[in-house]
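Coordinates in review
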Amino acid sequence: MILIASFPGSGNTFFHNILKEVYGITSGHFNEGDDVKLSDFISTHQLPAALPEKMQAYPSVCIVRDGREASISFSRSIHNGASSPLVKTIQDVTIARQGDYHDGWSIHVAQWLQKAKIVIRYEDLKEDPIREIERLRTMYPGLPKPAAQQISCAADPDAIDSHEDMTGDLEEMFWGLHGDVMQVLGYTKDRKLLSREAFVAVENFYDPQPAEVKHVLIEASTLLNKQMDGTKRYIETLLRALHVQVLKAPTSLDIKVRVDNIYPLANLFSKSKSGKNVKKGLVNGFVVYIVSFPRRLKNKLPNKSIEDILLVTRILGLLAIYQKLIQTFNRRLVSQYENNKLDLLHLTLPQRAIKQPIALKMTCTVHDLTCKLFPQFHLLHSIKTTDRSMKWIKKNGSHVIAVSNHTRADIIKHYDFANGSIDTIFEAIDHELFYPVLDPLLSDKVLNKYGIKGVQYFFSLCTLEPRKNLNNVLKAFVMFCERNPHTNIKFVLAGGRGWKMSELPSHPNILATGYIPEEELAALYSASIGNCYVSFYEGFGLPPLEAMRCKTVAIYGNNSSMVELIGDAGLPADAHNVSEIAHQMEKIAFDKEFRSMMEDRAYKKSWEYTLNTLGKKTLDHYNSLV
């Protein structure tokens, strides 16, 4: 029995029509939940791991097609009169949230490329059907002789042209998510096709090479925080990026993640809630409970500042106990890490430094040096902790991942790290969370919730703390309203309270929402006329890039990494100049042609920060160290 695997819409029906009309072979099809049928050729759209164990052992052929064409064909077949527009279905198939739609085109294809004995491109099959089918003789010597005159009878129901359905924004999205596998197969962004001869030469690109397994552990306890912040977003996106890369191409790295316990990376993305293979009992639960006291108290009191939480901790006399237990906790961590025979430990935040001697190779992600450069914006406790952590990771010979070139330069300047010990790896925008919202029902639901349906508004999302420069940004908006009394444009300010925040400027058109669930952010970004993120300093600065991915223009602080990452795809403003910020608001609000042009530019720029790039570069970084 031979499996014929393909992503839906890739020419599977045409292939079987050729087998039947030209070779006289009738084939079967397997769907999830079917009984295994007895037939020499069985087609399937399932992922390899989703097949019954018996079928996974069958030799396989993979039919591939330009992913844009395949996704359009698949979208049309499942859209079938749905109330939402076809473009929304195409977007959903392209994004493939949480493993829907067979995990999306590139993961599906890459999984089968690792398994298939033969790969046939639909375009080559169309050009010369007999030539391509004859390649199966190496697997199926009993293949009958072809009746060449019957080729015209082999109907091709999958023949379509996707140019009209996938253009502009959708094509940019598709290439950003699936372009890596498209290029391997010889498909180009401008719709040219690598010759068949060149394609066959790279057909074994995904053949796994034997290599010694290396063990990597990612410290990700920040995921226990209830509310979202920049570090938690980074970790979630990094883990997703690594998971995608591991699915797309084999690796000798065994990656595990420490949250409350240690989990295999794949388990964090498993649809099963059983938590198989999780190593439990590695850290004393009571110690974890006490050590996490300030964080858990902050989760219970989201409207209280960090200063309030620390004050309560001191009043209750728990600070000394907390600090001693931290030391005990760190000793246990060292023992836990060393007992797991790790080849590499990745700390995702300098503050996760263990402050104990440790005989492990390490790398650490450094997001910014704001505590060093702007101590006036931070609590003394945070400043001291960050400084000690940076010195500890240097003393212990840790390598560093800097999230921007600006952060990299700051690290070298202020902590004298060797130039070769730091790699710059940009963060990524999670495409499952941030995208132009095309579904009016979703958009209306979110906008109605906050009372802004049908209202023009600027949107700002950040932790409410001094470095974000909200005082000047809101002063600029008040100035904007005073300069333009005829307008009723609003300013929607979202985010939880942080630290050292005084009263902010008020105005009837300013709406403060507090914390917003992440699933509502894309709708709020997409419907806004502009994003305001004019902070004093950013090591990376995800919110303006998230806005850009939702096709919204960002007004950003003309400083630090934001200049490097956004450039002319947004509107820079001096963070200290209220009038300049107000002027940029006016350009977005009142020049619709300019705003439309900038939205296109911003959206295109946002695709430079993808999960594919983050995952691949991080794996390269790991491999260079182990």
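Here is what the cut-offs are and how they apply
Residues numbered from 1 in each chain as written. Predicted model: local features only at pLDDT ≥ 70, side-chain atom pairs only at ≥ 80, totals over all residues. Heavy atoms only, no water. Helix = DSSP H or I, 4+ residues; strand = E, 2+ residues; numbered from the N terminus. Pairing = 2+ DSSP bridges. Axes fitted to C-alpha atoms, helices over the stretch in contact; angles between N-to-C directions. Phe/Tyr/Trp six-rings, centres within 6.5 Å; stacked < 30°, edge-to-face > 60°. Lys NZ or Arg CZ within 6 Å of the ring centre and 35° of its normal. Salt bridge = Lys/Arg side-chain N within 4 Å of Asp/Glu carboxyl O. Buried < 20%, exposed > 50% of the residue type's maximum accessible area, 1.4 Å probe, protein only. Parallel < 35°, antiparallel > 145°, perpendicular 65-115°, else oblique. Contact = heavy atoms within 4.5 Å. Expected span 1.5 Å × (residues − 1). Polar contact = N/O pair within 3.5 Å; in protein donor to acceptor, adjacent residues only side chain to side chain. Core = buried A, V, L, I, M, F, W, Y, C linked by side-chain atoms within 4.5 Å. pLDDT = per-residue confidence, 0-100. Left-handed = near helix turned anticlockwise from the far one by under 90°. Nonpolar A, V, L, I, M, F, W, Y, C, P; charged D, E, K, R; others polar.

What follows covers unusual backbone geometry. Located in the positive-phi region is R191, a residue other than glycine, with phi close to 70 degrees. Here R191 lies in the loop between α8 (169–184) and α9 (196–201). Within the chain, S560 stands out as a residue other than glycine whose phi angle is a positive 45 degrees. Assignment of secondary structure puts S560 in helix α22 (residues 560–566).

On to the sheet that holds strand β7 (residues 253–258), then. In spatial order, the strands read β8-β7-β6-β9-β10-β11-β12; together these 7 strands make up an open sheet with mixed pairing. Single-partner strands in this sheet number two, and they are β8 (262–264) and β12 (422–424). The average undirected angle you get between the axes of adjacent strands in this sheet is 25 degrees. In this sheet, strand β9 (residues 344–347) lies alongside strand β6 (residues 214–219) in parallel orientation, the contact comprising 4 bridges. Bridging from a neighbouring strand, I218 pairs with H346 of β9.

This brings us to the environment of V492. Note that V492 resides in strand β14 (residues 490–494). Considering only alpha carbons, one finds V492 and L524, 32 residues apart in sequence, at a separation of 9.2 Å.

Attention now moves to the packing of aromatic side chains. Enumeration over the complete set of coordinates arrives at 19 aromatic pairs. When the ring of F374 is compared with that of F377, the centres are 5.5 Å apart and the planes differ by 5 degrees; the resulting orientation is stacked. Taken together through their ring pairs, the aromatic side chains of F458, F477, F480, F491 and F590 make up a single cluster. The ring of Y122 carries the charged tip of R65 above its face, separated from the ring centre by 4.2 Å. Above the ring of Y435, the side-chain terminus of R97 is found at 4.3 Å from the ring centroid.

Counted by the stated rule, this structure contains 37 salt bridges. K256 is paired through a salt bridge with D254; the nearest N and O atoms lie 2.7 Å apart. By relative accessible area, which is 22% here, D254 ends up partly exposed. A cluster of three or more residues bridged by salt bridges with shared partners is formed by D66, R68, E69, E171 and R191.

This part is about the packing of helix α10 (residues 230–248) against helix α25 (residues 611–625). The geometry of α10 relative to α25 is characterised by a closest axis approach of 8 Å and an angle of 80 degrees between their N-to-C directions. Taken together, the axes of α10 and α25 are roughly perpendicular relative to one another. Residues T237, L238, R240, A241, L242, V244, Q245 and K248 of α10 form the contact with α25, whose own contacting residues are L611, N612, L614, G615, K616, T618, L619 and Y622.

On the basis of which strands lie adjacent, the open sheet formed by 5 strands has the order β2-β3-β1-β4-β5 and parallel pairing. With partners counted over all chains shown, the strands left at the sheet margins are β2 (28–30) and β5 (118–121), one partner each. Between one strand axis and the next, the sheet turns through 25 degrees on average, direction left out of account. Examined bridge by bridge, β2 and strand β3 (residues 41–44) share 3 bridges and lie parallel to one another. Note on β3: the bridge partner recorded for G28 is I42. Packing of helix α1 (residues 12–23) onto the sheet brings it into contact with β1 (2–6), β2, β3, β4 (60–64) and β5, and relative to β1 it is tilted by some 145 degrees.

Let's shift gears to helix α19 (residues 470–483). The end-to-end C-alpha separation of α19 is 20 Å, in line with the 20 Å expected for 14 residues at 1.5 Å each. Among the residues of α19, L470, N472, V473, L474, A476, F477, V478, F480 and C481 are the ones counted as buried. At its buried positions, α19 is contacted by β13 (457–461), β14, β15 (510–514), β16 (530–533) and α23 (578–590).

Time to look at the side chain of T363. Here T363 is to be found in strand β10 (residues 362–366). The class of T363 is buried, set by a relative accessible area of 0%. Beyond its immediate chain neighbours, meaning those up to four positions away, T363 contacts L344, L345, H346, L347, S398, H399, V400, I401, H621, Y622 and L625.

Moving on: the environment of A57. Here A57 shows up in the loop between α2 (53–56) and β4. Each C-alpha atom of the pair A57 and I2 lies 9.8 Å from the other, and the pair is 55 residues apart in sequence.

Attention shifts here to the side chain of H378. Checked against the element boundaries, H378 lands in the loop between α15 (370–373) and α16 (380–395). A polar atom in the side chain of H378 sits 3.0 Å from the side chain of T370.

Okay, the nonpolar core next. F458, F459, F477, F491, L524 and M585 are the most contacted members of the largest nonpolar core, which totals 73 residues. Tallying contributions element by element places α19 first for this core, with 8 residues. Excluding its chain neighbours within four sequence positions, the residues that come into contact with F491 are F458, S460, V473, L474, F477, N509, I510, L511, C532 and M585. Formed by 31 residues, the second largest nonpolar core is a distinct cluster that contains M55, A70, V93 and F199.

Okay, the confidence of the model for the protein next. In the predicted model, the protein carries a mean pLDDT of 86, and 84% of its residues have values of at least 70. Within the model, the stretch residues 272–291 combines pLDDT values under 50 with 34 contacts to residues more than four positions away or in other chains.

The subject of this paragraph is the pairing of β5. A two-sided burial pattern is seen for β5, the buried positions comprising I118 and I120 on one face and V119 and R121 on the other. Note: β4 against β5, 4 bridges, orientation parallel. Bridge pairing links C62 to V119 in β5.

For A589, the location among the structural elements is in helix α23. Taking relative accessible area as the criterion, A589 reaches 6% and is therefore assigned buried. Sequence-distant contacts of A589, defined by excluding residues within four places in its chain, comprise F458, F480, I489, I529 and R595.

Orientation of helix α5 (residues 105–113) relative to α8, taken along the N-to-C sense of each, is 15 degrees, at an axis distance of 8 Å. Comparing the axis directions of α5 and α8 gives the class roughly parallel. The crossing of α5 and α8 is left-handed. When α5 is examined against α8, the residues W105, S106, V109 and A110 are found in contact with a partner set consisting of F174, L177, H178, V181 and M182. A breakdown of the residues in the contact of α5 with α8 according to their chemical character gives 7 nonpolar, 2 polar and no charged.

Counting buried positions over the 10 residues of helix α4 (residues 86–95) gives 8, a clear majority of the element. Those residues of α4 lying buried are K88, T89, I90, Q91, D92, V93, T94 and I95. Lining the buried residues of α4 we find α3 (67–79) and α8. Residue A96 follows α4 closely and has a positive phi angle near 50 degrees.

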